[in-house]
Each structure stands twice: as structure tokens, then as C-alpha cells.
Amino acid sequence: MDNLVKLARRLPEPYEDELWYSVLSRYHRMSGNLTENETFREIMPGMLKGRDGSIPILTINNYSIWAMKGDERALWDIYSRHTLEPYWFRFSKQNSKINAYVKSITRYRNKKIDNPLTTFHLDKMRYCPLCAEEERKLYGETFWHRLPQIPLLVICPKHKCRLVESNIKNIRTTRLFITSNIENCPPVEPIYLHTEMDERIAKSVCIALNAPYFLVADISTDWLRNEILSYENSTTKYLWRTKVKKVCHKMEIRYGSKCDAFEFANAIYSILNGRKYNVPTESYILLADFFGNDLNEILNEA
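Asker: Hey, could you run me through empty space enclosed by the protein in this one?
Answerer: The rolling of a water-molecule-sized probe over the atoms marks out the regions of remaining empty space. Per the stated rule, a full pass over the model turns up 4 cavities of 30 Å³ or more. The computed volume of the second largest cavity comes to approximately 60 Å³. Those elements that place two or more of their residues in the lining of the second largest cavity are β2 (124–127) and α7 (129–138). Top contributing element to the lining of the second largest cavity by residue count: α7, with 3 residues.

Here it is in C-alpha cells:
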């Protein structure tokens, strides 16, 4: 039997919403290997040394899926269900989504993920204390989830408690296999302090991450144009730029650190001027929330 097939069978089964990096980290812990290099030699033969040979945490590259080579279904499952790329490329063109997938499974280097289609970055990996408690009881271990690593999210969609920072830095690539064990994600008392806005955004983030990858092939921008034109019960077209500035200022006040007025002005103009596919998912989520639109309805316009 091919060595890669044997290795693939030894990898632990991914949990729902688990990052692929977390699967590899659990394998390293279970393997009994004393060093990361031993694990790299087992499941990532021929890996380069240095930064170019590191593996991404939030997505995948050619090295991190080496053991799954040749199994197209497994590769697609890993990409679509165990990385953040479906979220990052939610509003991208069909061709861009295909290219993102192909590059993830064929490129050795990590240049593609140096600048993902997102405007925010977390300093540390995060987790839900109640999810972690349940996992320890059910499975005897915990794992890194995808959802808590999305910066817009402040509460666990399931338990409605606030997400907690772990002791692990959220770096884009690494040569270390770090699990979400009790030392890195210690038990803490859950905090349920949140707003209705936090719940709405959590719902939209889940939709953006879990909707079928190729759902959005095109999207109408009429909803945004009409909302801005009618903002504050005015349809005056001569004050277009003033309206956009007002909207962005109000958004900055409402969403605080989640929103930068300059970034959202750029997002609005990009959407309305036909460059809507260069706009990060966060911008669509917050614009939809600001104007009271359901993200599902915007996606269904595709």
C-alpha cells in the first residue's frame, strides 16, 4: 500500500468546524514524536526549511495536505470545511474561488495567504470556554475551531458567551504543532455580556462561513445604492459623497474597533463602482447589518 495512503489513515478524523492545522497538531501529539521535525518527516516529506517550509494555521498549502495527495474529495473537504478560505472568498468571483482552491493545494510557498481578503487580524487564537468544556467531556480533548478565529465574532454562536483569548499567538504560518490543550486554553467562567448586534453579526458570520462555497457567482449592488440614497429619508443625489461620509461615520460609532470609516468608504465606492469582488467579507456583513438587511437575502440575489 502506498505510504501516503497509510499516513492518511493514521491522521485523526477532523471534528466539525476544526481547523486542518488543529488536525495535524493532534496527530503530532498522538504520534509520540518528540520533535516537530519527526512529524514533518512523516507526513510532509520533502518540506523546505525556513519560512517557506512552514504551514498555515487558518488555511492550507501544498505541504499541509501532502498525505492527502491524489484524493480530490478529501482535499476539497479539507479546504471547504476546515479552513477560513470559504469566509474570506465569500463574495469573490467564481474564477477567483476556483483559483484560490487550486493555489492552496498546489503552491509550496505561503505568499497567497500573506494578505488574505480580510481587513482584521487577531493577536491570539480564541476559543469558547463552554465548547472546550463539552469537548473535554465528550472526546477527552479539545481542538481549534474556525469560527472563533474570525475577528468580527465576539460571542460563541452556540452558547452566546464571549470568546476567550488563548495563550497562543495567532501567527499566519508556523513550524510548530500546538494543540488547544488545557494549558493553552484554560477553563474560565463564561461571560454572557453581549448585545443584540453581537448576535446578529454572529449569525451573519456563520452564514458567510458555512454557505456553499460557490453560492455567490454575481451579486446585485442595488440594495446598497438604494439604502445610501434613501439614508435619513433623503433622496437628494447631489449630496452623494456627503451621504457616504455620514454613513461611514455612523458605522464607525456603532461598530467601534470593528469599523474604520476610511476603509468602509473605500468598500462602498468599490461596490458601487463595479469593484465589488475586491471587498472583504467583513465589509458586506457590517454594511448589511447597518442597513438592516439579512445577509441571506443578499446572497440569494446571486
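Asker: What should I look at first to understand unusual backbone geometry in this one?
Answerer: The phi torsion of most residues other than glycine is negative, and most of the peptide bonds are trans. Within the chain, Asp-17 stands out as a residue other than glycine whose phi angle is a positive 70°. If you trace the backbone, Asp-17 turns up in the loop between α1 (3–10) and α2 (20–31). Residue classification places Asp-17 among the buried positions, given a relative accessible area of 13%. For Lys-160, which is not a glycine, the phi torsion comes out positive at approximately 65°. Secondary-structure assignment places Lys-160 in the loop between α7 and β3 (164–169).

Asker: Explain the side chain of His-28 to me, please; I cannot follow it from the model alone.
Answerer: Summarising the element assignment, His-28 is placed in helix α2. Judged by relative accessible area, His-28 falls into the buried class, the value being 10%. In contact with His-28, not counting residues within four places along its chain, are Asn-33, Thr-35, Glu-36, Thr-39 and Phe-177.

Asker: Where do I start with helix α8 (residues 196–210) in this structure?
Answerer: For the α-helix, the turn length of 3.6 residues means that residues three or four positions removed from each other point alike. Given a rise of 1.5 Å per residue, 15 residues ought to cover 21 Å, and the 21 Å separating the end C-alpha atoms of α8 matches this to within 8%. Every buried residue of α8 is accounted for by Met-197, Asp-198, Ile-201, Ala-202, Ser-204, Val-205, Cys-206, Ile-207, Ala-208 and Leu-209.

Asker: Where do I start with the environment of Arg-275 in this structure?
Answerer: Positionally, Arg-275 belongs in the loop between α11 (261–272) and α12 (281–290). Owing to a relative accessible area of 42%, Arg-275 belongs among the partly exposed residues under this scheme. Those residues within four positions of Arg-275 in sequence are excluded, and the remaining contacts are Tyr-269 and Ser-270.

Asker: In this structure, what is going on with the layout of surface pockets? I would like to understand it.
Answerer: Roughly 610 Å³ of volume is contained in the largest pocket. Lining the largest pocket we find 30 residues, and of these Glu-16, Asp-17, His-145, Leu-147 and Asn-210 sit closest to its centre. Elements that contribute at least two residues to the lining of the largest pocket include exactly α4 (72–81), α7 and α8. Among the elements that make up the lining of the largest pocket, the one with the highest residue count is α7 (4 residues). Here the lining of the largest pocket is built from residues that sort into 19 nonpolar, 3 polar and 8 charged. Here the second largest pocket defines a volume of roughly 230 Å³. Around the second largest pocket, the lining is made up of 12 residues, and of these Glu-13, Pro-14, Trp-20, Met-68 and Asp-77 lie nearest the centre. For the lining of the second largest pocket, the element with the most residues is α4, which contributes 4 residues. A class-by-class count of the residues in the lining of the second largest pocket yields 8 nonpolar, 1 polar and 3 charged.

Asker: Sorry if this is basic, but what is going on with the packing of α4 against helix α6 (residues 94–106) here?
Answerer: Where α4 contacts α6, the axes come no closer than 11 Å and their chain directions differ by 110°. The angle between α4 and α6 falls in the class roughly perpendicular. By crossing handedness, the relation of α4 to α6 is classed as right-handed. In this structure, α4 contributes Glu-72, Leu-75, Trp-76 and Tyr-79 to the contact, and α6 contributes Lys-97, Ala-100, Tyr-101, Ser-104 and Ile-105.

Asker: Sorry if this is basic, but what is going on with the packing of aromatic side chains here?
Answerer: Per the stated rule, a full pass over the model turns up 13 aromatic pairs. Plain terms: the ring middles of Trp-76 and Phe-214 are 5.8 Å apart, the flat faces sit at 5° to each other, and that makes the pair stacked. Of this pair, Trp-76 sits in helix α4 while Phe-214 sits in the loop between α8 and α9 (222–229); the two residues are 138 residues apart in sequence, bridging distant segments of the chain. For Phe-214, a relative accessible area of 35% translates into the label partly exposed. With a centroid separation of 4.0 Å and an interplanar angle of 20°, the aromatic rings of Phe-91 and Tyr-284 are classed as stacked. Taken together, the residues span a long stretch of sequence, with Phe-91 in the loop between α5 (85–88) and α6 and Tyr-284 in helix α12 at a distance of 193 residues. Here Phe-91 and Tyr-284 have matching classes, each one buried. Ring-pair connections join several aromatic residues into one group, and the members of that group are Trp-76, Tyr-79, Tyr-101, Tyr-213 and Phe-214. The ring of Tyr-213 carries the charged tip of Lys-97 above its face, separated from the ring centre by 5.3 Å. Arg-175 extends its terminal NZ or CZ atom over the ring of Phe-40, reaching a point 4.8 Å from the ring centre.

Cut-offs used in this document
- Residues numbered from 1 in each chain as written.
- Predicted model: local features only at pLDDT ≥ 70, side-chain atom pairs only at ≥ 80, totals over all residues.
- Heavy atoms only, no water.
- 1 Å grid on protein atoms, 1.4 Å probe; cavity = no way out; pocket = protein on both sides within 12 Å on 5 of 7 lines; lining within 4 Å.
- Points joined across faces, edges and corners; volume = space filled by probe spheres on them.
- Helix = DSSP H or I, 4+ residues; strand = E, 2+ residues; numbered from the N terminus.
- Buried < 20%, exposed > 50% of the residue type's maximum accessible area, 1.4 Å probe, protein only.
- Contact = heavy atoms within 4.5 Å.
- Expected span 1.5 Å × (residues − 1).
- Nonpolar A, V, L, I, M, F, W, Y, C, P; charged D, E, K, R; others polar.
- Axes fitted to C-alpha atoms, helices over the stretch in contact; angles between N-to-C directions.
- Parallel < 35°, antiparallel > 145°, perpendicular 65-115°, else oblique.
- Left-handed = near helix turned anticlockwise from the far one by under 90°.
- Phe/Tyr/Trp six-rings, centres within 6.5 Å; stacked < 30°, edge-to-face > 60°.
- Lys NZ or Arg CZ within 6 Å of the ring centre and 35° of its normal.

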